[in-house]
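Below, each chain spelled out in residue letters.
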Amino acid sequence: MMVSVDVFFVVAGQTSATLLGRYYYHQGGSSKWISTFVQTAGFPILFLALLCFPKSSGGGGASGDAPVAKVAVIYVVLGLVIAADDMMYASGLKYLPVSTYSLICASQLAFNVVFSYVLNSQKLTGLIFNAVILLTLSDALLGVNHDETEDMSGMPRGKYLMGFLLTLGASGTYSLILSLMQLTFENVIKKHTYTAVLNMQIYTALVATVASMVGLFASGEWRMMTEEMDTFRSGQFSYFMTLVWTAVSWQITSVGVVGLVFEVSSLFSNVISTVSLPIVPLFAVLIFHDTMDGIKIIAMLIAAWGFVSYLMQHFIDDKKARKAERVGYH
């Protein structure tokens, strides 16, 4: 049941957050640091969820039975890496159409396979390797497709390439974060409770939010907020609600992502993240009128093929596990 809830959180939250993030830029927003800030700033709402899991059920503290100082250092390091990753994602979303951005994000699965193998002892099979190759090929097609030199905002070719590289780098960093979280749960926290999941999300998001605020004020972009609000095409109230619901959507996504890392694995969590791959571009075509040319369609089909390859491997592993369990029971 919890895995099903987490899957819903990831798919629904990621789809809405990505579309709202692009809507912010589409309506006249331009601050990358504000976009970075809202990706983690909604973490206080998780304290409400934390109240639903009493401390007596285990893992009520930030570290469970693990050394508090050690866990605190891990949270700080992960939070800073998350802030940098959010910045790259925000920049990529500014420079790319949503459909292209979403397809490039599929590369995070390929990165995660590597990190899971190195850090989490995840076995590599033919089907998983096939998924990596196909998703890499999907991204390569988008990378060489420079015919699309402008999006709805008139973005030049150089910005397109910068957006491509930043999004690709963000996908790799995101995969590393998931593997490090799994490593932390397995070797440091060692608490099998959902409170541990919420603590991981709350404290890393707190650090990332503080880092984003420092960047926002150091860059001077905080002065742009009043001007952005006044010039936002759909109005001031729409500007405020866009930022609020973007923040909420990212927190819903993050809880689902961390929950799947905790319940299953970082690789499985990343696979579920790619479920929104065919969903976001379709909404982007309808809402933002992004072009869906032949190259994007081919890239989407190849990425879907890679996704199915991983699901087949997961099905095979689950079937073997159930068979072994029945044999052990008898």
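The name recorded for the protein chain in an unreviewed UniProt entry is Probable purine permease, from Aegilops tauschii subsp. strangulata. Entered under Sequence similarities (unreviewed entry) in the UniProt record, the comment concerning the protein chain runs "Belongs to the purine permeases (TC 2.A.7.14) family." The annotation that UniProt attaches to the protein chain under Subcellular location (unreviewed entry) is "Membrane".

Caption draft 1: Main features of the overall build of the protein chain. Check the secondary structure of the protein chain and you find 14 helices and zero strands. In sequence order, the protein chain lays out its α and β elements as α-α-α-α-α-α-α-α-α-α-α-α-α-α. Counting over 330 residues, the protein chain shows a buried share of 52%. Sequence-distant contacts in the protein chain: of pairs separated by 6 or more residues, those separated by 24 or more amount to 86%. For the protein chain, the exposed area adds up to about 15000 Å²; of that, 71% sits on carbon and sulfur atoms.

Caption draft 2: Region of the structure containing helix H12 (residues 266–273). Burial of H12 is extensive: eight of the eight residues sit out of reach of the surface. Of all the positions in H12, only Ser 266, Leu 267, Phe 268, Ser 269, Asn 270, Val 271, Ile 272 and Ser 273 are classed as buried.

Caption draft 3: Main features of the packing of aromatic side chains. This model, assessed by the stated rule, comprises 10 aromatic pairs. With a centroid separation of 6.2 Å and an interplanar angle of 45°, the aromatic rings of Tyr 24 and Tyr 239 are classed as tilted. Highlighted residues: Tyr 24 in helix H1 (residues 2–26) and Tyr 239 in helix H11 (residues 236–263), separated in sequence by 215 residues. One exposure class covers both Tyr 24 and Tyr 239, and it is buried.

Caption draft 4: Just the packing of H11 against H12, in detail. For the pair H11 and H12, interaxial distance at closest approach is 7 Å and the crossing angle is 145°. Crossing of H11 over H12 shows right-handed handedness. Across from Val 257, Leu 260 and Val 261 in H11, the residues of H12 making contact are Ser 266, Phe 268, Ser 269, Ile 272 and Ser 273. Grouping the constituent residues of the contact of H11 with H12 by class yields five nonpolar, three polar and no charged.

Caption draft 5: Quick peek at the environment of Val 244. Within the secondary structure, Val 244 is located in helix H11. We classify Val 244 as partly exposed; its relative accessible area is 30%. In sequence terms Val 244 and Val 38 are 206 residues apart; their C-alpha atoms lie 7.6 Å from each other.

Caption draft 6: Representation of the packing of helix H8 (residues 157–189) against H11. One way to put it is that H8 packs onto H11 with a least axis distance of 9 Å and a crossing angle of 50°. For the element pair H8 / H11, the angle class is oblique. Crossing geometry of H8 relative to H11 is assigned as right-handed. Here H8 contributes Tyr 174, Leu 178, Met 181, Gln 182 and Phe 185 to the contact with H11, which in turn contributes Val 257, Val 258, Val 261 and Phe 262.

Caption draft 7: Quick look at the confidence of the model for the protein chain. Confidence in the prediction of the protein chain, expressed as mean pLDDT, is 81, and 87% of residues score 70 or more. Taken as a whole, residues 56–64 scores under 50 in pLDDT and shows 22 contacts with residues more than four places along the chain or in a different chain. pLDDT under 50 marks residues 146–153. Its contacts with residues more than four places away, or in other chains, come to 21 contacts.

Caption draft 8: Seen up close, the nonpolar core. Core analysis: the biggest nonpolar cluster contains 71 residues, and Tyr 24, Val 98, Met 181, Phe 185, Met 200 and Tyr 310 have the highest contact counts within it. Of all the elements, H8 adds the most residues to this core, at 10 residues.

Caption draft 9: View of a nonpolar patch on the surface. A contiguous nonpolar surface patch, about 400 Å² in accessible area, is contributed by Val 114, Tyr 117, Val 118 and Leu 124. Within the element layout of this structure, Val 114 appears in helix H6 (residues 107–119). Residue Val 114 is classed as partly exposed on the basis of its relative accessible area, which comes to 47%.

Caption draft 10: Quick look at the side chain of Thr 253. Its place among the elements puts Thr 253 in helix H11. Among the polar contacts listed, one links the side chain of Thr 253 to the backbone oxygen of Gly 13, at a separation of 3.2 Å. Among all residues touching Thr 253, those that are not within four sequence positions of it are Phe 9, Val 10, Gly 13 and Gln 14.

Rules used in this analysis
Counting restarts for each chain, with residues numbered from 1 along the sequence as it is written. Local features in this predicted model are restricted to residues whose pLDDT is 70 or higher, and side-chain atom pairs enter the listing and the counts only when it is 80 or higher, whereas totals over whole chains, interfaces and linings include all residues. Calculated side-chain values reflect all of the structure's heavy atoms, with hydrogen atoms and water omitted. UniProt positions are given in the numbering used here, feature names are shortened, and annotations may be inferred rather than shown by experiment. Numbered from the N terminus, helices here are DSSP runs of H or I no shorter than four residues, and strands are runs of E no shorter than two. With a 1.4 Å probe rolled over the protein chains alone, any residue whose accessible area is under 20% of its type maximum counts as buried; one over 50% counts as exposed, and the rest are partly exposed. We call two residues in contact when some of their heavy atoms are within 4.5 Å. Note on areas: Shrake-Rupley with a 1.4 Å probe; residue coverage comes only from the protein chains shown. In summary, the pairing rule links any two rings of Phe, Tyr or Trp, Trp by its six-membered ring, whose centres are within 6.5 Å, and it sorts them by plane angle into stacked for under 30 degrees, edge-to-face for over 60 and tilted for everything else. In this description, a line fitted to the C-alpha atoms serves as the axis of each element, helices being fitted only across the stretch in contact, and the angle between N-to-C directions of two axes falls anywhere from 0 to 180 degrees. Here is the rule for handedness: rotate from the far helix to the near one, and if that takes an anticlockwise turn smaller than a right angle the crossing is left-handed, while a clockwise turn gives right-handed. The classification used treats Ala, Val, Leu, Ile, Met, Phe, Trp, Tyr, Cys and Pro as nonpolar, Asp, Glu, Lys and Arg as charged, and all other residues, Gly among them, as polar. The labels follow the angle: roughly parallel below 35 degrees, roughly antiparallel above 145, roughly perpendicular from 65 to 115, and oblique for the rest. For every residue, the predictor states its confidence as a pLDDT score lying anywhere from 0 to 100. Put simply, a nonpolar core is a bunch of buried Ala, Val, Leu, Ile, Met, Phe, Trp, Tyr and Cys residues held in one set by side-chain atoms that sit within 4.5 Å of each other. Distance thresholds for patches are 9 Å for like charges and 5 Å for nonpolar side chains (Val, Leu, Ile, Met, Phe, Trp, Tyr), applied to residues having over 30% relative accessible area and no salt bridge. For this document, the term salt bridge refers to a Lys or Arg side-chain nitrogen within 4 Å of an Asp or Glu carboxyl oxygen. For this analysis, a polar contact is any N or O atom pair within 3.5 Å, provided that within protein one partner can donate a hydrogen and the other can accept it, and provided that sequence-adjacent residues contribute only side-chain to side-chain pairs.

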